[in-house]
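So the chains spell out like this:
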Amino acid sequence: MSQTTAAETPAIQDQPAEGSRLEKRESEGVTTPIVVAENIHKTFRSGEIEVHALRGVDLTIGTGEMVAIMGPSGCGKTTLLNALSGLDSFDDGQVTIEGTSLADMNDRRRTDYRARRMGFVFQSFNLLPVISAVENVEMPLLVSGVRPAEARRRSLKSLESVGLADRASHRPMQLSGGQIQRVTIARALVNNPALVWADEPTGNLDVGSSTEVLGLMQQLNREEGQTFVIVTHDPQVAALCGRIVRMKDGEIAANE
């Protein structure tokens, strides 16, 4: 993939201030917005059938937050996550991330931006089964143009951060469900992203593995300041988040 030039790279604004300024904002209960969504609409059409998946959603997420998006099946949770992250388009409204509007980026710039500033954790893991854990983790780095030796170094460090340094050479089929999801988290964090999006990250895990993965995500949020936005139907997941956004029929029904 070709590299985005300096002129094309979207400006990164509103980064967390260091030292006392950040501590002061946190002590006052105020964080810098990292995601601002305004009046987001999304309609799916199939012939004469229209499904209004998002109906004028407004949502602000602060830097360093851990936010759960909950609601019944079909309420628009995943559609909202895809719209906010730029994985999918929307019909009307605006999404701003780190001070930059997604609408101001073409497809290539959005792809590059996601590779550099976002991480993704999905229910289905999305690991390649024929390569090792470290090779799976380093893929986003190689795609974004990082040299192989540096990509390997950073990937091993990321696996170490999730407690899997000793499983780096194992393929996914040689790992437990919880370990596979930890590899996915290591891959999501290897670029030190500003934002991590997670869609039902414990949906395919047993209770023990779910607890393990949730504890890791909570630790990374607390110690590394990673911002997590988690789509979930699981009250156990939501209970570990600092805020719960409840959706119903494509709208924000409650913000707890």
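Cut-off values and rules
- The residue numbering used here restarts from 1 in each chain and proceeds along that chain's sequence as written.
- Given that the model is predicted, a residue must reach a pLDDT of at least 70 before its local features are reported, and side-chain atom pairs must reach 80 or more before they are shown or counted; all residues, however, enter totals for whole chains, interfaces and linings.
- Processing note: side-chain calculations cover all non-hydrogen atoms of the structure and skip hydrogens and water entirely.
- Here a strand is any run of E in DSSP of at least two residues, a helix any run of H or I of at least four, and the numbering for each starts at the N terminus.
- Buried residues are those whose accessible area, probed at 1.4 Å on protein chains only, stays under 20% of the maximum for their type, while exposed residues exceed 50% and partly exposed ones sit between those limits.
- Working rule for contacts: check all heavy atoms of both residues, and any pair within 4.5 Å makes them a contact.
- Reported accessibility uses the Shrake-Rupley method at a 1.4 Å probe radius. Residues are deemed covered only where the shown protein chains occlude them.
- To qualify as a nonpolar core, a set must consist of buried Ala, Val, Leu, Ile, Met, Phe, Trp, Tyr and Cys residues joined through side-chain atoms within 4.5 Å.
- Helix span is expected to be 1.5 Å times the residue number reduced by one.
- Summarising the geometry, the arc corresponds to the directions from the helix axis toward the C-beta atoms.
- Any pair of nitrogen or oxygen atoms within 3.5 Å is treated as a polar contact; in protein, a donor-acceptor pairing is required on top of that, and neighbouring residues in sequence qualify only through side-chain atoms on both sides.
- Strands qualify as paired when DSSP identifies two bridges or more between them.
- Axis lines are fitted through C-alpha atoms, for helices just across the contact stretch, and the angle between N-to-C directions can take any value from 0 to 180 degrees.

You'll find the protein chain entered in an unreviewed UniProt entry as ABC transporter ATP-binding protein, with Caldilineaceae bacterium SB0661_bin_32 given as the organism.

> Sorry, what's going on with the overall build of the protein chain here?
Broken down by element type, the protein chain carries 8 helices and 10 strands. Put simply, the protein chain has 256 residues, and 47% of those count as buried. Put simply, 71% of the contacts in the protein chain that link residues at least 6 apart link residues at least 24 apart. As displayed, the protein chain offers around 12,500 Å² of accessible surface, 49% of which is attributable to carbon and sulfur atoms.

> Just to check I follow, could you spell out the nonpolar core for this structure?
For soluble globular proteins, nonpolar side chains are generally found buried alongside one another. Ranked by size, the top nonpolar core spans 38 residues in total, and within it Leu159, Val183, Ile185, Met217, Phe228 and Ile230 carry the most contacts. When contributions to this core are tallied by element, the ones reaching two or more residues are strand S3 (66-70), helix H4 (133-143), helix H5 (148-161), helix H6 (177-189), strand S7 (195-199), helix H7 (207-224), strand S8 (227-231) and helix H8 (235-239). Among the elements that make up this core, the one with the highest residue count is H6 (6 residues). Counting residues in hydrophobic clusters, the runner-up holds 29 residues, among them Ile34, Leu59, Leu84 and Trp197.

> Help me understand H7, please; the structure alone is not making it clear to me.
Owing to its 3.6 residues per turn, the α-helix aligns residues three or four sequence positions apart on the same side. Here H7 is 18 residues long and its end C-alpha atoms lie 25 Å apart, about the 26 Å a rise of 1.5 Å per residue gives. All of the buried residues along H7 are Ser209, Ser210, Val213, Leu214, Leu216, Met217, Leu220 and Asn221. Summarising the axial view, the buried residues of H7 lie within an arc of 155 degrees, below the 170-degree limit, and thus occupy one face. Turned more than 90 degrees away from the buried face of H7, the exposed residues are Val207, Gly208, Arg222 and Glu223. Packed against the buried residues of H7 are S3, H5, H6, S7, S8 and H8. A side-chain oxygen of the first residue of H7 lies 3.3 Å from the backbone nitrogen of Gly208; this N-cap is Asp206. Downstream of H7 by a residue or two, Gly225 has a phi angle that is positive, lying close to 75 degrees.

> Can you walk me through the environment of Glu212 in this structure?
Counting through the fold element by element, Glu212 comes out in helix H7. In sequence terms Glu212 and Gln181 are 31 residues apart; their C-alpha atoms lie 9.8 Å from each other. Not counting the four nearest positions on each side in its chain, Glu212 is found in contact with Gly178, Gln179 and Arg182.

> Please explain the sheet that holds S8 as it appears in this structure.
Note: strands within a sheet are paired through backbone hydrogen bonds, in either parallel or antiparallel orientation. Strand order in this open sheet of 6 strands is S6-S7-S8-S3-S9-S10, and the pairing throughout is mixed. Every interior strand has two partners, whereas the edge strands, strand S6 (118-122) and strand S10 (251-255), have only one. The mean inter-strand angle of the sheet, taken between neighbouring strand axes irrespective of direction, is 20 degrees. Summarising the sheet, S7 and S8 pair through 5 bridges and their orientation is parallel. By the bridge assignment for S8, Val196 is matched with Phe228. Along the sheet, helix H3 (residues 107-117) contacts S6 and S7; its crossing angle with S6, the most-contacted strand, is approximately 80 degrees.

> Please explain the pairing of S3 as it appears in this structure.
If a strand is regular, its side chains alternate between the two faces of the sheet. For S3, the tally of buried residues reaches 5 of 5 residues, placing the bulk of the element in the interior. Judged by which residues are buried, S3 turns out to be covered on both faces: Met66, Ala68 and Met70 on one side and Val67 and Ile69 on the other are all buried. When S3 meets S8, the two strands line up parallel, connected through 4 bridges. Bridge pairing links Ile69 to Val231 in S8. Bridge analysis of S3 against strand S9 (residues 243-248) gives 4 bridges, and the strand direction is parallel. Following the sheet pairing, Val67 is matched in S9 by Arg243.

> I'm lost on H5 in this one. Help?
An ideal rise of 1.5 Å per residue puts 20 Å on 14 residues; H5 measures up with 20 Å between its terminal C-alpha atoms. When we look at burial in H5, the residues that qualify are Ala151, Ser155, Ser158 and Leu159. Projected down its long axis, H5 shows its buried positions confined to an angular sector of 95 degrees, all on one face. Residues of H5 that are exposed and point over 90 degrees away from its buried face: Ala149, Lys157 and Glu160. Its buried side turned inward, H5 meets H4 and H6. Remark: Gly163 follows H5 within two positions and exhibits a positive phi of approximately 75 degrees.

> Looking at this model, I keep getting lost on unusual backbone geometry. Mind explaining?
Although it is not a glycine, Asn192 sits at a positive phi angle of roughly 50 degrees. When you line up the elements, Asn192 lands in the loop between H6 and S7.

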